[in-house]
Amino acid sequence: MSNLQIGLAIAGGVVLAAVVAHGAWSSRRNAPRQALPLQDPVDGDLTQEPVLTEVDAETPAFNLPRPPVRPAMDSLIDVIATVALDPATPAVSGEAAMAAMPATRRAGTKPFSVEGYNLQSLVWEVPAPGQRYGGFQAGVQLANRSGALNEIEYSEFVVKTQAFADAINATPEFPEMLDEVARARELDHFASAHDAQLGFTIRARNASWSPGYIHQNAARLGFVAGVIPGRMVLPASVEGLPPVLVLGFDSQAALADDPAQSAIRELSLHLDVAQVDRAERPFERMRETADALALAMEGVVTDDNGQPLAAQTMDVIAADLQVLYDTLEQRDIAAGSPIARRLFS
C-alpha cells in the first residue's frame, strides 16, 4: 500500500471518528436533562433519579394549620329556604335528617345543601349522627363558573327541599323565584367580570427536561406531587385550602414506561386568583417561581403564545391584581375566602 493510500485511510478514519463523536455529542446534548443523584445520608450511596409519586388529596403533606369549620351556606351567594319543624316534633335526630337527604347534592350545575340547627352547640351545621336539630335550612348556590342559577335549577331546588321536608314532617318556605333568579344573574355578571386565572409558560432554551428533572427543581421551591400525573402544587399555608400555585407538564411523559427518556420542552405555572388568599402573595411568588425555574433549568418565561414576558408586563399585571383584590373585598367576596372559593368554582 502506497503512502498516499495509507494517508487517505488515516484521514478517513479520523473523519469517521469525528462524525461518530459529533453524533454522540449531539445525542447527549439533545437528551432530556436528568435529575441529579441524591446522596444517601446513611451510607453515602447514590440513589436513582427521584420517583414521581402521587399524594392523596385527603392526606396532609405537611403539619399545617387547618381552616376553621364554617357553615356552608351564605345569603350573599345562596338561595336559602327555611324548613320549620311541626310543633309536635320539636327535634329531629341527625340520623333521620341524613336519611331524608336527597341522593345528589346538586340542582342542575349548582351545589345544593341542607343545614340543621344543633340544639346542643346552637350552631348551623351539616346534619351528623348523634345530634339533635330544632330546625333546618336548605340552600342552592346562586352562581358559579357554570353560570347563573336558572328557573329550571330553582325548580329542582324546590323539589329536593320539599322532599326533604316531607320526610321529616316539616314545612319549607321559599323565596320568590323571579327575585332570586334576577339576583343570580347580577352576581354571575359581577363574577364573570372579576374572574382571573393567570398562566405562565416556561420553555426550554436548549436541551429538553425529564419529569424527574422538573420534579427535582420544583421541589427545591416547595412544590409537592399532586394526585394527577404531570402536576405539582405549592401548598397554601393552611392545610386543606387550595394550592397557591399549580405546576403542570405533559401527563403522558410522567406516565411513560421510562420517564427518564421523556423529553419535555415546556411546563406551565397556573394561579387561580380568587381561590388564594391575598396574604399568600400568590402573584409575587408566581413571578419568583417562574424566574427561579427558568434560571435553574435554562428556560424562558413566556405567555401562552410563546412571547417572552417582560418585567414591565409583569408589573402591569401586578397592579391590576391589586385593584381586583380591592374590588372583591368591597363586595365581601375576598379572594381565598370560603365564599370566593365557592363562587369561583
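Residues numbered from 1 in each chain as written. Predicted model: local features only at pLDDT ≥ 70, side-chain atom pairs only at ≥ 80, totals over all residues. Heavy atoms only, no water.

1. Focus: unusual backbone geometry
In this model, Leu122 sits at a positive phi of 60°, which is unusual for a non-glycine residue. With a phi angle near 55°, Glu298 is a residue other than glycine that sits in the positive phi range. Looking at the element boundaries, Glu298 is found in the loop between helix H7 (282-297) and strand S15 (299-302). Among the residues examined, Glu298 registers a relative accessible area of 36% and is labelled partly exposed. (Helix = DSSP H or I, 4+ residues; strand = E, 2+ residues; numbered from the N terminus. Buried < 20%, exposed > 50% of the residue type's maximum accessible area, 1.4 Å probe, protein only.)

2. Considering the sheet that holds S15
Read from one edge to the other, the open sheet built from six strands follows the order S11-S12-S13-S14-S10-S15, with strand pairing classed as antiparallel. Looking along the sheet, the strands with just one partner apiece sit at the ends: strand S11 (224-225) and S15. Both strand S12 (residues 231-234) and strand S13 (residues 245-248) contribute to a ladder of four bridges, which runs antiparallel. Bridged to Arg231 within S13 is Gly248. (Pairing = 2+ DSSP bridges.)

3. Description of the environment of Val159
Residue position: Val159 is located in helix H3 (residues 151-167). Along the sequence, Val159 and Pro102 sit 57 residues apart, while their C-alpha atoms lie 9.9 Å from each other.

4. Observations regarding the environment of Ala318
Along the chain, Ala318 turns up in helix H8 (residues 311-330). Here the alpha-carbon distance between Ala318 and Arg287, two residues 31 residues apart in the chain, equals 9.8 Å.

5. Observations regarding the confidence of the model for the protein
Looking at the protein as a whole, its pLDDT mean stands at 86, while 81% of the residues score no less than 70. Residue range residues 17-22 is modelled with pLDDT below 50. Its contacts to residues more than four positions away, or to other chains, number zero contacts. Here residues 41-48 is a poorly scored stretch, pLDDT under 50, and it has nine contacts once near neighbours within four places are set aside; other chains count. (pLDDT = per-residue confidence, 0-100. Contact = heavy atoms within 4.5 Å.)

6. Side note on the nonpolar core
Note on soluble globular proteins: their nonpolar side chains tend to be buried together. Within the largest apolar cluster, 73 residues are counted, with the highest numbers of intra-cluster contacts made by Phe136, Phe157, Ile168, Ile202, Leu247 and Leu267. By residue number, the principal contributor to this core is H7, which donates six residues. Each residue touching Phe157, except ones within four places of it in the same chain, is listed here: Val79, Ala81, Ala107, Phe112, Ala138, Gly139, Val140 and Phe174. (Core = buried A, V, L, I, M, F, W, Y, C linked by side-chain atoms within 4.5 Å.)

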